[in-house]
Amino acid sequence: VTVEYFERIPVSRWFEAHLAPVFEQAGTPPEAVGSNTGAMIGLVLVLHDLTKQKQVERMRVDFVANASHELRTPLASLAGFIETLQGSARDDAGARERFLDIMRAQAFRMSRLIDDLMSLSRIELDAHLRPSAPVDIGDIVSHVADSLKPLAEAEGTAIRLQRPEGPLLVSGERDELVQVFQNLIENAIKYGASGGPVDVAIGRAGPQGQRVEIAVRDHGPGIAPEHVPRLTERFYRVDEAHSREKGGTGLGLAIVKHILNRHRGTLDVASKPNEGSCFTVRLELANVTGERPPEPGIPGTKEK
């Protein structure tokens with residue numbers, strides 16, 4: 001007999017239980033139970049933990065539902081404006097220009113969502129392959145900060161970067177690490193904008209300075225404690241309307257988490273309402289002798 005069952009306490013877990021009889025004589029078929037040729041003398045119970053599998057299945061279903069919803073909204077908007085332009089607003093030049101601007105923004109939103117979905121798919125495909133090429137994390141963060149200065153100026157803020165002298169080499173893939181800090185700094189600019197600066201600090205950490213920490217701090221409204229543990233979930237938003245207004249797809253921090261998992265790094269989030277937020281990335285420095293440093297613990301996101 002095979003049975004699946006679900007436990008809610010102390011935590012939600014799924015199990016599959018396999019129950020089989022044990023006979024007095026090896027090889028006795030089940031129909032011989034109770035006969036003179038052999039008797040059942042016990043039972044074997046095998047439990048298989050299906051929790052992770054069920055969680056993955058649920059995440060997949062939620063992901064498809066969320067992605068469909070995120071694409072359906074701008075598509076419905078585009079279809080509605082096209083219908084209006086073909087009908088009552090056909091000869092209205094002012095309405096045509098206004099509608100075309102909105103349609104362009106909705107098309108850009110869909111394009112960005114598809115780009116993020118493809119990035120996430122590529123990252124997950126190579127999740128088991130740890131990058132080995134040495135890259136200077138200080139140069140990467142400096143490059144991202146320079147590229148986002150126009151956006152910061154447009155939002156009325158500034159990026160203040162602090163980095164030590166000399167290279168800080170980590171084993172990584174440059175383009176993916178660029179995406180990590182572009183997402184973090186861009187989020188700090190867009191969602192933490194309050195007239196205060198965005199502070200980006202790079203430094204060594206660990207008993208022997210074997211790690212590098214990159215902290216991205218904003219001075220915005222902060223995040224309530226109940227939201228912090230879920231920030232890296234796909235399509236999770238603290239303020240859905242504000243996120244969409246800023247062009248967010250709800251995938252930025254999920255991409256950050258998966259890239260850092262591949263690089264065996266971690267992301268720590270510290271935030272309180274009205275006190276701003278700080279996102280800290282920790283990565284192992286590359287060993288100059290060519291030996292790979294020991295693997296750190298299981299990467300993930302945790303709240304300070």
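Residues numbered from 1 in each chain as written. Predicted model: local features only at pLDDT ≥ 70, side-chain atom pairs only at ≥ 80, totals over all residues. Heavy atoms only, no water.

Let's shift gears to the packing of helix α5 (residues 174–191) against helix α7 (residues 252–262). Running from N to C, α5 and α7 point in directions that differ by 145°, and their axes come no closer than 9 Å. Note on packing geometry: the crossing formed by α5 with α7 is left-handed. Contact with α5, carried on its side by Glu176, Gln179, Val180, Asn183, Leu184 and Asn187, involves Gly252, Leu253, Ile255, Val256, Ile259, Leu260 and Arg262 of α7 and no other residues of that element. (Axes fitted to C-alpha atoms, helices over the stretch in contact; angles between N-to-C directions. Helix = DSSP H or I, 4+ residues; strand = E, 2+ residues; numbered from the N terminus. Left-handed = near helix turned anticlockwise from the far one by under 90°. Contact = heavy atoms within 4.5 Å.)

Moving on: α7. Of all 11 residues in α7, 9 are buried, a share of seventy percent or more. Of the residues making up α7, those classed as buried are Gly252, Leu253, Ala254, Ile255, Val256, His258, Ile259, Leu260 and Arg262. In this structure, the buried residues of α7 make contact with α2 (93–125), α5, β9 (266–271) and β10 (277–284). (Buried < 20%, exposed > 50% of the residue type's maximum accessible area, 1.4 Å probe, protein only.)

By size, the foremost hydrophobic cluster in this structure holds 46 residues, and its most contacted members are Ile137, Phe181, Leu184, Val212, Ile214 and Val281. Elements with a minimum of two residues in this core: α2, α3 (137–147), α5, β7 (198–205), β8 (211–218), α7, β9 and β10. Examining the composition of this core, we find that 8 residues originate from one element, α5, more than from any other. Excluding residues within four positions of it along the chain, leucine 184 makes contact with Val216, Leu253, Val256, Phe279 and Val281. Formed by 8 residues, the second largest nonpolar core is a distinct cluster that contains Leu78, Leu85, Ala95 and Phe99. (Core = buried A, V, L, I, M, F, W, Y, C linked by side-chain atoms within 4.5 Å.)

Take the pairing of strand β1 (residues 2–7) next. As paired strands, β1 and strand β2 (residues 13–23) are joined by 6 bridges and run antiparallel to one another. Residue pairing in the sheet places threonine 2 in a bridge with histidine 18 of β2. (Pairing = 2+ DSSP bridges.)

Quick look at the sheet that holds β2 now. What the 3 strands build is an open sheet, ordered β1-β2-β3; its pairing is antiparallel. Two strands in the sheet have a free side with no partner beyond their single neighbour: β1 and β3 (40–49). On average, each strand axis in the sheet is tilted by 30° relative to the strand beside it, whichever way the strands run. Across 9 bridges, the pairing between β2 and β3 is antiparallel. Bridge pairing in β3 links proline 21 to leucine 43.

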